[in-house]
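Residue strings, one per chain:
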Number of protein chains: 2
Amino acid sequence: MNVMTAQSKAPKAVILLSGGLDSATVLAMARAQGFSPYPLAVDYGQRHRSELDAAQRVAHAAGAPLKILPLDLRAIGGSALTDDIEVPEEETEGIPVTYVPARNTIMLSLALGYAEVLGANAIFIGVNAVDYSGYPDCRPAFIEAYERLANLATKAGVEGQELRVYTPLIDLTKAEIIRAGHELGVDYSLTVSCYQADAEGRACGRCDSCRIREAGFRAAGLADPTRYSAL
Amino acid sequence: MNVMTAQSKAPKAVILLSGGLDSATVLAMARAQGFSPYPLAVDYGQRHRSELDAAQRVAHAAGAPLKILPLDLRAIGGSALTDDIEVPEEETEGIPVTYVPARNTIMLSLALGYAEVLGANAIFIGVNAVDYSGYPDCRPAFIEAYERLANLATKAGVEGQELRVYTPLIDLTKAEIIRAGHELGVDYSLTVSCYQADAEGRACGRCDSCRIREAGFRAAGLADPTRYSAL
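Residues numbered from 1 in each chain as written. Chains lettered and ligands numbered in written order. Predicted model: local features only at pLDDT ≥ 70, side-chain atom pairs only at ≥ 80, totals over all residues.

Student: Can you help me understand the overall build of chain A in this one?
Tutor: Regarding its fold elements, chain A presents 8 helices and 5 strands. Ordered by position from N to C terminus, the α and β elements of chain A give α-β-α-β-α-β-α-β-α-α-β-α-α. Residues classed as buried in chain A amount to 52% of the 231 residues present. Once local pairs closer than 6 in sequence are excluded, the contacts in chain A between residues at least 24 apart make up 70%. (Helix = DSSP H or I, 4+ residues; strand = E, 2+ residues; numbered from the N terminus. Buried ≥ 20, exposed ≤ 12 C-beta atoms within 10 Å, placed from the backbone. Contact = placed C-beta atoms within 7 Å.)

Laid out in structure tokens, this is it:
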């Protein structure tokens, strides 16, 4: 079997891609593990729509076909990321107001539907239990429960094929994520992490997400390619 | 405490409402159990859009505020209900082609998000393991796994409030469902079950769903109020 054939027979994996630093790293990791990546971005009425542009750039750079699924979560409300609640610029205790109700449950369920259509037995999601410990749906126990559910929910599960949810970032610090992605050649200038990036994808430099990202590059000892707005 | 106060303090429940016979019955059952119902319909690009009109009629008749969440599942494809695959008019073995990938997983996840926003600890879904045994996501084991997941996924779960998924129809035959709804005063002429109803909500009388519904009214010994098209 030559290399081309081997590549075309690579098992498919659905990658939840947000356009941020984490999921761009996950995409590179899935490919490095021998999967053929099928990135899925959910357009859930983000205030930071530049995220979707970033997802397009990241998928294009990886030569992977991006699927964008529109789901307007503003209809159910409940989060600063989709409502008109002000994004906090100070660190907060407990569950942040930027929490989107049932976000990862919904994202994984859409990924599960796409995986079923593709015949993929793998879903990759960039959840992280270190920097975002305030989100209940980023914990390993949640992911294990989801995997169990997925194998009861689908034809593949019924027919005995095991579906796995991969969370390669779950125990990594932001600096470790950045170093891993750097070694895999991820171009982080394509990604947007900021909760309130401008239309050109430039970051505010002040929100929680910007602060975590900036500190990550510093701790990794790597140059921060983020484009910041002049504000 | 007078009746009005008691009603306004009723615990909230999210009801997945499709406009069909089953979910209309579930809505009436939730109310009879003392819940204040918040029906949620998902506009997932159904070919039979008359279902959504029916959901509106059913919610209106129950005096409950219907939330409609648009989610175009045609973007991920894979089912005769959203693609241009022909709807089968003969009974089929195993998992039907009308299966929507990860449908109940996705619906329950959206209901979970809405429940979280409302502060509701109950979700009602009209799954049934008798007539639709070909769907893996209608089995009791699936619902139990979902309940477990939901309690790991959300703020409420983290804070020790237990969320429950109610499936009052799961062990009932179609005739038993119809008899129960009839006793609760459900007006089945408002509902549409047909996979290919016309724009006025008239049923084809030939698809799987029509056949099961018609046989249900016959077995229940009740008049079938379904409006059939002349075709």
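Continuing now.
Student: Which parts of the structure should I look at to understand unusual backbone geometry?
Tutor: It is generally the case that most residues other than glycine have a negative phi and that most peptide bonds are trans. The phi dihedral of A102(A) falls on the positive side, at around 55 degrees, and the residue is not glycine. Its location among the elements puts A102(A) in the loop between strand 3 (67-70) and helix 4 (103-118).

Student: So what exactly am I meant to see when it comes to the interface of chain B and chain A here?
Tutor: How big an interface is tends to be stated in terms of the accessible area lost upon association of its parts. Contact with chain B, which involves 36 residues of that partner, is made by 36 residues of chain A. For the side of chain B that touches chain A, the secondary structure elements donating two or more residues are strand 3 (67-70), helix 4 (103-118), helix 5 (140-153) and helix 6 (155-158) of chain B. A per-element tally of the side of chain B that touches chain A places helix 4 of chain B first, with 9 residues. Across the side of chain B that touches chain A, the residue classes tally to 23 nonpolar, 7 polar and 6 charged. (Nonpolar A, V, L, I, M, F, W, Y, C, P; charged D, E, K, R; others polar.)

Student: Please clarify how the environment of I178(A) should be interpreted in this entry.
Tutor: Residue and element names in this part refer to chain A. Mapped onto the elements of the fold, I178 is located in helix 7 (residues 174-183). When the C-alpha positions of I178 and Y188 are compared, they lie 8.6 Å apart, and in sequence the two are 10 residues distant. Leaving out residues up to four positions away in the same chain, I178 has contacts with G216, F217, A220 and L222.

Student: Before we go on, may I ask you to explain the relation of the copies chain B and chain A in this structure?
Tutor: Mapping between the two chain copies consists of a rotation about an axis together with a translation along that axis. The two copies are related by a screw motion: chain B maps onto chain A through a turn of 180 degrees and a shift of 0.0 Å along the axis, at an RMSD of 0.0 Å. With respect to symmetry, the two chain copies, as superposed, fit the operation of a two-fold axis. Across chain B, the rotation axis passes nearest the C-alpha of L71(B), at a separation of 2.5 Å. When the interface residues of chain B are mapped onto chain A, 100% of them again fall at the interface, so both copies present the same face. (Least-squares fit on C-alpha atoms with pLDDT ≥ 70 in both.)

Student: Just to check I follow, could you spell out the sheet that holds strand 5 (residues 164-166) of chain B for this structure?
Tutor: Hydrogen bonds between backbone atoms are what pair the strands of a sheet, whose relative direction is either parallel or antiparallel. Residues and elements named next belong to chain B. If you walk across this open sheet you meet the 5 strands as 3-2-1-4-5, and the pairing is parallel. One side of each edge strand has no neighbouring strand; the edge strands of this open sheet are strand 3 and strand 5. On average, each strand axis in the sheet is inclined to that of its neighbour by 25 degrees, with strand direction left out of account. Direction of pairing for strand 4 (residues 122-124) relative to strand 5: parallel, over a ladder of 3 bridges. Across the sheet, residue F124 finds its bridge partner in strand 5, namely Y166. Packed onto the sheet, helix 4 meets strand 1 (12-16), strand 2 (36-43), strand 3, strand 4 and strand 5 and runs at close to 155 degrees relative to strand 1. (Pairing = 2+ DSSP bridges. Axes fitted to C-alpha atoms, helices over the stretch in contact; angles between N-to-C directions.)

Student: Could you clarify how one ought to interpret the sheet that holds strand 1 (residues 12-16) of chain A in this entry?
Tutor: Residue and element names in this part refer to chain A. Spatial strand order, 3-2-1-4-5: 5 strands in an open sheet with parallel pairing. In the strand order of this sheet, the two ends are held by strand 3 and strand 5 (164-166), each with one partner. Between one strand axis and the next, the sheet turns by 25 degrees as a mean value, whatever way the strands run. Here 5 bridges tie strand 1 to strand 2 (residues 36-43), and the two strands are oriented parallel to one another. Following the sheet pairing, I15 is matched in strand 2 by P39. Taken strand by strand, helix 4 contacts strand 1, strand 2, strand 3, strand 4 (122-124) and strand 5, and its axis lies near 155 degrees from that of strand 1.

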